[in-house]
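Observations on the model geometry
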Amino acid sequence: MHITLPNGVTRTAKYLGDQGCVTLPVGKTSVNFTPVKLKSHLPDASTQPWPMGDVLPKDPLPPELDAVKVKQAVQAAFEPAAGMTAAFVVTWRGRLIAERYGEGITEHTPLESWSMGKSLTATLIGVLVKQGIYDLWQPAPIPEWQSAGDLRAKIRIADILHMSSGLRINAPQDPDYDPSGTYPDHLYLYTGSVDSFHYAATRPLQWPPNTVGRYRNTDPVLINYLIRLGVEKRGEEYLSFPQRALFDKIGIRTMVLETDPFGNFLTQGYELASARDWARLGNLYLQDGVWNGERILPDGYVKFVSTLAPAWEADKRPIYGGFFWINGDGEYPVPKEAFYMSGVGGQTTLIIPSYDLVVVRLGHYKGSKAGDKSFKQALALLMEAVPRRK
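Description of the structure in this document. (Residues numbered from 1 in each chain as written. Predicted model: local features only at pLDDT ≥ 70, side-chain atom pairs only at ≥ 80, totals over all residues. Heavy atoms only, no water.)

1. A few points about the overall build of the chain
This is how it is decided: By definition, any uninterrupted DSSP run of H or I lasting at least four residues is a helix, any uninterrupted run of E lasting at least two residues is a strand, and each is numbered from the N terminus. The quantity called the radius of gyration is restricted to C-alpha atoms. Its globule counterpart is 2.2 Å times the number of residues to the power 0.38. Accessibility here uses a 1.4 Å probe with only protein chains present; expressed as a share of the type maximum, an area under 20% marks a residue as buried, one over 50% as exposed, and anything in between as partly exposed. Whether two residues are in contact is decided by their heavy atoms, any of which lying within 4.5 Å being enough.
Along the chain, the regular secondary structure elements total eleven helices and 14 strands. The globule rule puts the C-alpha radius of gyration for 390 residues at 21 Å, and the 21 Å found for the chain is close to it. Over its C-alpha atoms, taken along the principal directions, the chain stretches across nearly 65 × 45 × 45 Å. Buried positions account for 55% of the 390 residues belonging to the chain. Considering only residue pairs separated by 6 or more positions, the chain has 64% of its internal contacts joining residues 24 or more positions apart.

2. Here's the deal with the nonpolar core
Our working definition: The term nonpolar core refers to a set of buried residues drawn from Ala, Val, Leu, Ile, Met, Phe, Trp, Tyr and Cys, joined through side-chain atoms within 4.5 Å.
With 117 residues, the main nonpolar core has Phe-88, Leu-161, Tyr-285, Tyr-301 and Leu-357 as its most contacted residues. Examining the composition of this core, we find that eight residues originate from one element, helix H2 (residues 116-130), more than from any other. For Tyr-285, the contacting residues outside a window of four places in its chain are Ser-119, Ala-122, Thr-123, Leu-297, Tyr-301, Val-302, Val-305, Phe-324, Phe-339 and Ile-351.

3. Focus: the sheet that holds strand E6 (residues 111-112)
Formally: Paired strands, in this sense, are two strands between which DSSP finds at least two bridges.
Reading across from one edge, E6-E8-E7 is the order of the three strands in this open sheet, with antiparallel pairing throughout. At either end of the open sheet lies a strand with only one pairing partner, and these are E6 and strand E7 (256-257). Pairing between E7 and strand E8 (residues 271-273): two bridges, direction antiparallel. Paired with Val-256 across the two strands is Leu-272, which belongs to E8.

4. Notes on helix H6 (residues 218-233)
Structurally, the α-helix is built with 3.6 residues per turn, so residues lying three or four positions apart point the same way. The condition that has to hold: An expected span of 1.5 Å times one less than the residue number is assigned to each helix.
With 16 residues, H6 ought to run about 22 Å at 1.5 Å a step, and its terminal C-alpha atoms sit 22 Å apart, in line with that. Counting buried residues in H6 gives twelve out of 16 residues, a clear majority hidden from the surface. Listing the buried residues of H6 in full gives Thr-218, Asp-219, Pro-220, Val-221, Leu-222, Ile-223, Asn-224, Tyr-225, Leu-226, Ile-227, Gly-230 and Val-231. Of the surrounding elements, those touching the buried residues of H6 are H2, helix H3 (157-161), helix H4 (185-191), helix H5 (196-201) and helix H7 (241-250). Once H6 ends, the next one or two residues include Gly-235, with phi positive near 80°.

5. Some details on the layout of surface pockets
Using the following cut-off: Only protein atoms enter the 1 Å grid used here. Points where a 1.4 Å probe fits but cannot escape make up a cavity, open sets with protein on both sides within 12 Å along at least five of seven lines make up a pocket, and a residue lines them when an atom lies within 4 Å of a point. Grid points are joined across faces, edges and corners, and a volume is the space filled by probe spheres set on the points. All amino acids are sorted into three groups, where Ala, Val, Leu, Ile, Met, Phe, Trp, Tyr, Cys and Pro are nonpolar, Asp, Glu, Lys and Arg are charged, and the leftover types, Gly among them, are polar.
Looking at the largest pocket, its volume works out to about 790 Å³. Taken together, 30 residues form the lining of the largest pocket, with Gln-173, Tyr-215, Gly-343, Val-344 and Gly-345 sitting closest to its centre. Of the residues in the lining of the largest pocket, the class split is 14 nonpolar, eleven polar and five charged. Empty space within the second largest pocket amounts to approximately 260 Å³.

6. A short note on a nonpolar patch on the surface
Defined as follows: Residues form patches when they are more than 30% accessible in relative terms and have no salt bridge. Like charges link within 9 Å. Nonpolar side chains (Val, Leu, Ile, Met, Phe, Trp, Tyr) link within 5 Å. Accessible surface is estimated by sampling points in the Shrake-Rupley manner with a 1.4 Å probe; for residues, cover comes only from the protein chains shown. When a carboxyl oxygen of Asp or Glu lies within 4 Å of a side-chain nitrogen of Lys or Arg, that pair is called a salt bridge.
On the surface, a cluster of nonpolar side chains totalling about 320 Å² of accessible area is made up of Ile-3, Leu-5, Val-9 and Val-26. Here Val-9 shows up in the loop between strand E1 (2-4) and strand E2 (10-15).

7. Considerations on the pairing of strand E12 (residues 339-343)
Of all five residues making up E12, five are buried, and the element is well covered by its neighbours. Along E12, one buried face is formed by Phe-339, Met-341 and Gly-343 and the opposite face, lined by Tyr-340 and Ser-342, is buried too. By the bridge criterion, two bridges tie strand E11 (residues 325-326) to E12 in an arrangement that is antiparallel. Bridge assignment links Ile-326 to a residue of E12, and that residue is Phe-339. Where E12 meets strand E13 (residues 347-352), five bridges bridge the pair, whose relative direction is antiparallel. Paired with Phe-339 across the bridge in E13 is Ile-351. Hairpin connection between E12 and E13: a loop of three residues separates the two successive antiparallel strands, and Gly-345 in this loop has a positive phi of roughly 85°.

8. Focus: the pattern of salt bridges
Tallied over the entire structure, the rule returns 23 salt bridges. In this structure, Arg-276 and Glu-99 form a salt bridge, with 2.5 Å as the shortest nitrogen-oxygen distance. Separated by 177 residues along the polypeptide, Arg-276 in helix H8 (residues 275-286) and Glu-99 in strand E5 (residues 95-101) bring together distant segments of the chain. Given a relative accessible area of 3%, Arg-276 falls into the buried group. Among the residues examined, Glu-99 registers a relative accessible area of 26% and is labelled partly exposed.

9. Looking at the sheet that holds E5
So the rule is basically this: The axes used here are C-alpha line fits, helices contributing only the stretch in contact, and every angle between their N-to-C directions lies in the interval 0 to 180 degrees.
The strand order E5-E4-E14-E13-E12-E11 describes an open sheet built from six strands, whose pairing is antiparallel. In the strand order of this sheet, the two ends are held by E5 and E11, each with one partner. Docked against the sheet, H2 engages E12, E13 and strand E14 (357-363), running at close to 125° with respect to E12. Here H8 sits on the sheet and contacts strand E4 (85-92), E5, E12, E13 and E14; the angle it forms with E14, its principal contact strand, is near 150°.

10. Digging into the packing of H2 against H7
The condition that has to hold: Orientation is classified from the angle alone, with under 35 degrees giving roughly parallel, over 145 giving roughly antiparallel, 65 to 115 giving roughly perpendicular, and any other angle giving oblique.
Two elements in contact, H2 and H7, have axes whose closest approach is 11 Å; the angle formed by their N-to-C orientations is 90°. By the angle class used here, H2 and H7 are roughly perpendicular. Two secondary-structure elements touch here, H2 through Leu-120, Thr-123, Leu-124, Val-127 and Leu-128 and H7 through Phe-241, Pro-242, Ala-245, Leu-246 and Phe-247. Tallied by class, residues from the contact of H2 with H7 come to nine nonpolar, one polar and no charged.

By themselves these figures say nothing about function.
Okay, structure coming up:
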């Protein structure tokens, strides 16, 4: 696919199957890696009960739930039409209790999820921590930082997950961002068609690590770099790692992770998945990182990602943990202990432990303002429909 930009430059994207679409460097006709065909070892979803498959129970909702209000919540999520909600899925105690989809969308449709992929990135590094490849509190072994006297060598993996690495890039959420200025590095990490890992790793320090919290794509890109380094160091194939280490374990079948032209995952925001698959990932966190009796994430990891990051606390912004947002400022009408995956345009996977709820809302970017209002109305109704955990 080709698109000509207002400045006359033509950019080309190439479809690579299981690696999705990759934007090529200007003047190039191919990527710098060999695409990999991914193979799921999961049985047909239509033959397996939820959550490992798509077969839902036929019995009525449990009596503890207010079924009328659950139905009203689903309706609220889709009103008005200007909200452009594409998918809405609710699970309670792991059971799928409500769902609805926009026109032309089904429970299997992969949808743009944007920065919810940052939370997926946290999950994949968590798997490697559980497997003993990394420790959260160790200095991040980024090759570009290993020269004598390089202050970046002191940045810990936890600092990066906390969006507190201190690395300097230009990002739209920075307080001093000037939209009339230069093109933001935050977006260049998607569109530059460079080796995104090396680009992120060569950014200079702006502040000492763990002192200032800033929402910047550098940090999730660097965690993805560590994932690749850790997987390949033990001789495993990188592009299939999420499939075998996570997706096959929790029933995810629709997730597509796109890459840069060098085969590096861009899951700071270039991934697609169905609402049901995001609900599965949300339930992994609701269940403290355990699935079907198997601990997939380290003990204490869910608490780590859902606890306010020190640098953000110092900035009096109680809203960010470890590549997960926190409801510390009451953004949503749910308990402040709730935490969530969030992507631009109204993509949300909300985990509310005290109500045993996971709520997924996906929508089209143009409807995000109205969609946010609809989502909040739906959540308020769910708070009335579901009992608080005793």
